[in-house]
Amino acid sequence: MAKVFIGIPTRSRPVLVQETVKSALSQTFQDFKIVVSDNQSEDSAARTVEEFIHGLRDDRVAFYRQAENVGEYGQGRFFFKSSGDCPYFMILHDDDVLKPDYLAKGTAVLEQHPAAALFVANPFTMNLQGRPSLEEKARYLRQHGRIGQETGLFDVLSQHMACGFTPISGTLFRRSALDKAGFVDEDCHGNYPFENNIFLRLGEQHATGWFTSEELLGFRFHPRSLRNSRLMDDRLVVETMIRLYARRRFSGASEHQRKTTLGRLYRAKALILLRDGKLAEARRYLVQSLRENTFSVKTWMVVPLLLLLPGCLRRMMPGLPEPWEPPGVSAPKQCDSG
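An account of the accompanying structure is given in this report. (Residues numbered from 1 in each chain as written. Predicted model: local features only at pLDDT ≥ 70, side-chain atom pairs only at ≥ 80, totals over all residues. Heavy atoms only, no water.)

Bringing the overall build of the protein chain into the picture now. Helix and strand counts for the protein chain come out as 13 helices and nine strands. Partitioning the intrachain contacts of the protein chain with sequence separation of at least 6 by distance along the chain shows that 80% fall at a separation of at least 24. Carbon and sulfur atoms provide 53% of the accessible area of the protein chain, an area that totals close to 14,600 Å². (Helix = DSSP H or I, 4+ residues; strand = E, 2+ residues; numbered from the N terminus. Contact = heavy atoms within 4.5 Å. Areas by Shrake-Rupley, 256 points an atom, 1.4 Å probe, with all protein chains shown as cover.)

See the structure below:
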């Protein structure tokens, strides 16, 4: 039995995923198992990756090709089942890389701090060609609450709700903590919000994590990265997020953030319904938005337009800014493979 399981989901990135695998193989800590799962890439891309894996001649690395597009939830569940009895679990996206001492430092911390459910480090950032991207790094650290964050234990739920502090890619989990949390909600499928779902469930178990400000992994930012997607315009994303947040209750600041988030999601659903010409339903969701987040300036700006001038608002929608995304949706890296 290996000590660390690393699942690498991939789709149509035959060059980048090889770099990801090589970074895992280059770890100073070598007690691991790697499974690369292809999620319905084009045949030529899948063959390239499979041939690369077989050419490694390393029994610790396996290739699997999904029979259908299972999305990020399907890939995640596949990896979780495949990890067996490995004490530590990681999903590493196919355009990210690990520094050589990542696993050594992560496993050492989790063994020294048995209360910690996970280990997470600061990233360095790069573009498609692998060149440093200082602008993206500054933005990532700011958006995800990393500036000034001290090394040590942190509360998973409050940090996640406040700023989406923890990413899925590269985070090293204690497998027993994921078992206790139940991994993800059973009725969720597709791509999103898989990452958000994991940290909400860990938060419900009052989990703590260990953060280090060391840059131990690399996130790649490029046009195909999901950070460039308008996820709040996606009906499935919004509806699943609403389900996740509506069924939960927290306390204190996390509960306030839950209600604020739910209000924003209801507003997004109202705008999607308006876009689809369902005016009555759109108005009902806008009312729900105000019930959850009564003091939202953005929602009150939409109210008169939706009630009095819905046609004008509908014509404006392609240009309406929606820079905010709920915690977890604005993940640093979520691969196309789901």
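We are not done yet, so read on.
Judged by how many residues are buried, strand β6 (residues 116-126) sits mostly within the fold: ten of eleven residues are covered. Bridge count for β6 against strand β9 (residues 208-220) is ten bridges, and the pairing is parallel. Paired with Thr125 across the bridge in β9 is Phe219. (Buried < 20%, exposed > 50% of the residue type's maximum accessible area, 1.4 Å probe, protein only. Pairing = 2+ DSSP bridges.)

Here the focus is the packing of aromatic side chains. Two descriptors summarise a pair of aromatic rings, namely the distance from one centre to the other and the angle between the planes of the rings. Scanning all chains against the criterion turns up 15 aromatic pairs. Ring centres of Phe5 and Phe89 lie 5.8 Å apart, and the angle between their planes is 5°; this geometry places the pair in the stacked category. Residue Phe5 is found in strand β1 (residues 4-10), and its partner Phe89 is found in strand β4 (residues 88-91); the two are separated by 84 residues along the sequence. Judged on exposure class, the residue Phe5 and its partner Phe89 are both buried. Feature note: the residues Phe5, Tyr64, Tyr73, Phe78, Phe79, Phe80, Phe89, Phe183 and Phe194 constitute an aromatic cluster, connected by ring pairs. Just above the ring of Phe165 sits the side chain of Arg146; from NZ or CZ to the centre is 4.7 Å. Over the ring of Phe80 we find Arg175; its NZ or CZ atom is 3.8 Å from the centre of that ring. (Phe/Tyr/Trp six-rings, centres within 6.5 Å; stacked < 30°, edge-to-face > 60°. Lys NZ or Arg CZ within 6 Å of the ring centre and 35° of its normal.)

Attention now moves to helix α10 (residues 252-275). Taking 1.5 Å per residue, 24 residues should reach 34 Å; α10 reaches 35 Å between its end C-alpha atoms and fits that length. Where burial is concerned, most of α10 is hidden: 18 out of the 24 residues are buried. Count one or two residues on from α10 and you reach Gly277, which has phi positive near 80°. (Expected span 1.5 Å × (residues − 1).)

Glancing now at the nonpolar core. Grouped together as the largest cluster of nonpolar side chains are 49 residues, with contacts concentrated most on Phe89, Phe173, Ile198 and Leu202. Put simply, the parts of the chain that give this core at least two residues each are α3 (71-82), β4, β6, α6 (156-163), α7 (175-181), α8 (194-204), α9 (235-246) and α10. Top contributing element to this core by residue count: α9, with six residues. In this view, Ile198 contacts Ile168, Phe173, Leu178, Phe183 and Val184; residues no more than four positions away in its chain are not counted. Ranked by size, the runner-up nonpolar core spans 35 residues in total, among them Ile8, Phe52, Leu103 and Leu141. (Core = buried A, V, L, I, M, F, W, Y, C linked by side-chain atoms within 4.5 Å.)

The next thing to look at is the side chain of Gln159. Within the fold, Gln159 resides in helix α6. Residue contacts for Gln159: discarding those within four places in its chain leaves Gln149, Phe154, Gly164 and Phe165.

By the element assignment, Val4 lies in strand β1. The spatial distance from the C-alpha of Val4 to the C-alpha of Asp31 is 6.5 Å, given a sequence separation of 27 residues. Once residues within four sequence positions are removed from consideration, Val4 is found in contact with Phe29, Asp31, Phe32, Lys33, Cys86, Tyr88, Leu103, Thr107 and Leu172.

Glancing now at the pairing of β9. As defined by bridge partners, strand β5 (residues 97-98) adjoins β9 across two bridges and the pair is classed as antiparallel. Across the sheet, Leu98 pairs through a bridge with Leu217, a residue of β9. With four bridges joining them, strand β7 (residues 152-155) and β9 adopt antiparallel strand pairing. Note that in β9 the partner of Asp155 across the bridge is Thr208.

A separate point is the packing of α9 against α10. The interhelical angle for the contact between α9 and α10, taken along N-to-C directions, is 150°, at an axis separation of 9 Å. In this view, α9 runs roughly antiparallel relative to α10, as classed from their interaxial angle. You can see that α9 and α10 cross each other, and the crossing is left-handed. Along the contact surface, α9 presents Arg235, Val238, Glu239, Met241, Ile242, Tyr245 and Ala246, while α10 presents Arg258, Thr261, Leu262, Leu265, Tyr266, Ala268, Lys269, Ile272 and Leu273. Here the contact of α9 with α10 is composed, by residue class, of eleven nonpolar, one polar and four charged. (Axes fitted to C-alpha atoms, helices over the stretch in contact; angles between N-to-C directions. Parallel < 35°, antiparallel > 145°, perpendicular 65-115°, else oblique. Left-handed = near helix turned anticlockwise from the far one by under 90°. Nonpolar A, V, L, I, M, F, W, Y, C, P; charged D, E, K, R; others polar.)

A few words on the packing of α8 against α9. One way to put it is that α8 packs onto α9 with a least axis distance of 11 Å and a crossing angle of 5°. As the angle between them shows, α8 and α9 are arranged roughly parallel. Seen from α8, the contacting residues are Asn196, Asn197 and Leu200; seen from α9, they are Met241, Leu244 and Tyr245.

What follows deals with the pattern of salt bridges. The final tally for this structure, using the stated rule, is 24 salt bridges. With its nearest N and O atoms 3.5 Å apart, the salt bridge here joins Arg243 to Asp187. With Arg243 in helix α9 and Asp187 in the loop between α7 and α8, this residue pair connects regions lying 56 residues apart in the sequence. A relative accessible area of 37% places Asp187 in the partly exposed class. Taking the shortest distance from any N to any O, the salt bridge between Arg235 and Asp276 comes out at 2.1 Å. Of this pair, Arg235 sits in helix α9 while Asp276 sits in the loop between α10 and α11 (279-292), and the two are 41 residues apart along the sequence. The class of Asp276 is partly exposed, set by a relative accessible area of 36%. (Salt bridge = Lys/Arg side-chain N within 4 Å of Asp/Glu carboxyl O.)

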